[in-house]
Amino acid sequence: MPYALYIHGMGSGAKSGTKSSLGHYLSQYEWLSPELPTDPVAAMAILKDYENVFAPDLIIGTSAGGLYTLYLNAPVKVAINPTYNIETTLRKLGYGKHKYHCEREDGATEWTLDEPLVQKFKHLRDTLKPVVSPRMIAFFSSDDELVGREPAKKNARELEALGYEIVWSNKFGHRLNQPAAKQLASLLQ
């Protein structure tokens, strides 16, 4: 069975409902989803290990996970609401403590956002080179309440310039839901 790698966003974890939704509609894959720390350098090291060990056929990442997806290799990559200009989105979210959206394997219930973390993400984006894959899709919500319409359009233009097929959906907000997972699965069939 081929592998698919799901990469969660900043406020989520390996037990994300998004992975379950994707697994339901894309059941031909064995799904992997490591729990990632907030530090992007440590997160990328974990993801590179998964890339090297499992050689996934499909990588899907949401939000910050969508950003990480750009720097990994697979025949098919999907970045869902990728926060390409992540420093803007993180600052909009606000500094301080934030609750995770799901139970974490490490037991953490909240994470801390501060300017040093924002700078680590900016440095990651500014220093890593996106990996070109045979099929690359950027799946954007037309109603992304976290990023906002104009910043999402800017992110879409940036990813289109990198060679991504841009797909817009009105079926979800920032976090993927069942109808959007079904729509995405139909794009990948």
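What counts as what
- Residues numbered from 1 in each chain as written.
- Predicted model: local features only at pLDDT ≥ 70, side-chain atom pairs only at ≥ 80, totals over all residues.
- Heavy atoms only, no water.
- Salt bridge = Lys/Arg side-chain N within 4 Å of Asp/Glu carboxyl O.
- Helix = DSSP H or I, 4+ residues; strand = E, 2+ residues; numbered from the N terminus.
- Phe/Tyr/Trp six-rings, centres within 6.5 Å; stacked < 30°, edge-to-face > 60°.
- Buried < 20%, exposed > 50% of the residue type's maximum accessible area, 1.4 Å probe, protein only.
- Lys NZ or Arg CZ within 6 Å of the ring centre and 35° of its normal.
- Pairing = 2+ DSSP bridges.
- Right-handed = clockwise from strand over helix to strand, strands pointing away.

**Student:** In this structure, what is going on with the pattern of salt bridges? I would like to understand it.
**Tutor:** Pairs can form between side chains of opposite charge once their charged atoms are near each other. In this structure the tally under the stated criterion is 12 salt bridges. We note a salt bridge from Glu103 to Lys15, for which the minimum N-O separation is 3.4 Å. Pair noted here: Glu103 is in the loop between β5 (96–99) and β6 (110–113) and Lys15 is in the loop between β1 (3–7) and α1 (17–25), with a separation of 88 residues, a long-range link. Note that Arg104 and Asp106 form a salt bridge whose closest N and O atoms lie 3.1 Å from each other.

**Student:** Hey, could you run me through the packing of aromatic side chains in this one?
**Tutor:** The description of an aromatic ring pair rests on the distance of the ring centres and on the angle between the ring planes. Per the counting criterion, the structure on display carries six aromatic pairs. Look at Tyr50 and Phe54: their rings are 5.4 Å apart centre to centre, the planes differ by 40°, and that puts the pair in the tilted class. Here the residue Tyr50 and the residue Phe54 both occupy positions in helix α2 (residues 40–54), the gap between them amounting to four residues, near one helical turn. Classification of Tyr50 as partly exposed rests on a relative accessible area of 24%. Their ring planes at 20° and their centres at 5.3 Å tell us that Phe139 and Phe172 sit as a pair that is stacked. Here Phe172 lies in the loop between β8 (165–169) and α7 (178–188) and Phe139 lies in strand β7 (residues 135–141), a separation of 33 residues in the sequence. Side by side, Phe139 and Phe172 carry an identical accessibility label, which is buried. Through a chain of ring-to-ring contacts, the aromatic side chains of Tyr3, Tyr50 and Phe54 assemble into a single cluster. Its guanidinium or amino end placed over the ring of Tyr84, Arg125 lies 5.7 Å from that ring's centre, counting from NZ or CZ.

**Student:** Sorry, what's going on with the pairing of strand β4 (residues 76–80) here?
**Tutor:** Looking along a regular strand, one sees side chains alternate from face to face of the sheet. For β4, the buried fraction is high: five of the five residues fall into the buried class. Every second residue of β4 is oriented toward a common face, with Val76, Val78 and Ile80 on one face and Lys77 and Ala79 on the other, all of them buried. In terms of strand pairing, strand β3 (residues 58–62) meets β4 through five bridges, oriented parallel. The residue of β4 that forms the bridge with Ile59 is Lys77. Taken together, β3, helix α3 (residues 64–69) and β4 constitute a β-α-β crossover, and its handedness is right-handed. Pairing between β4 and β7: five bridges, direction parallel. By the bridge assignment, Ile80 is partnered in β7 with Phe139.

Everything listed is a geometric property; what it means functionally is a separate question.
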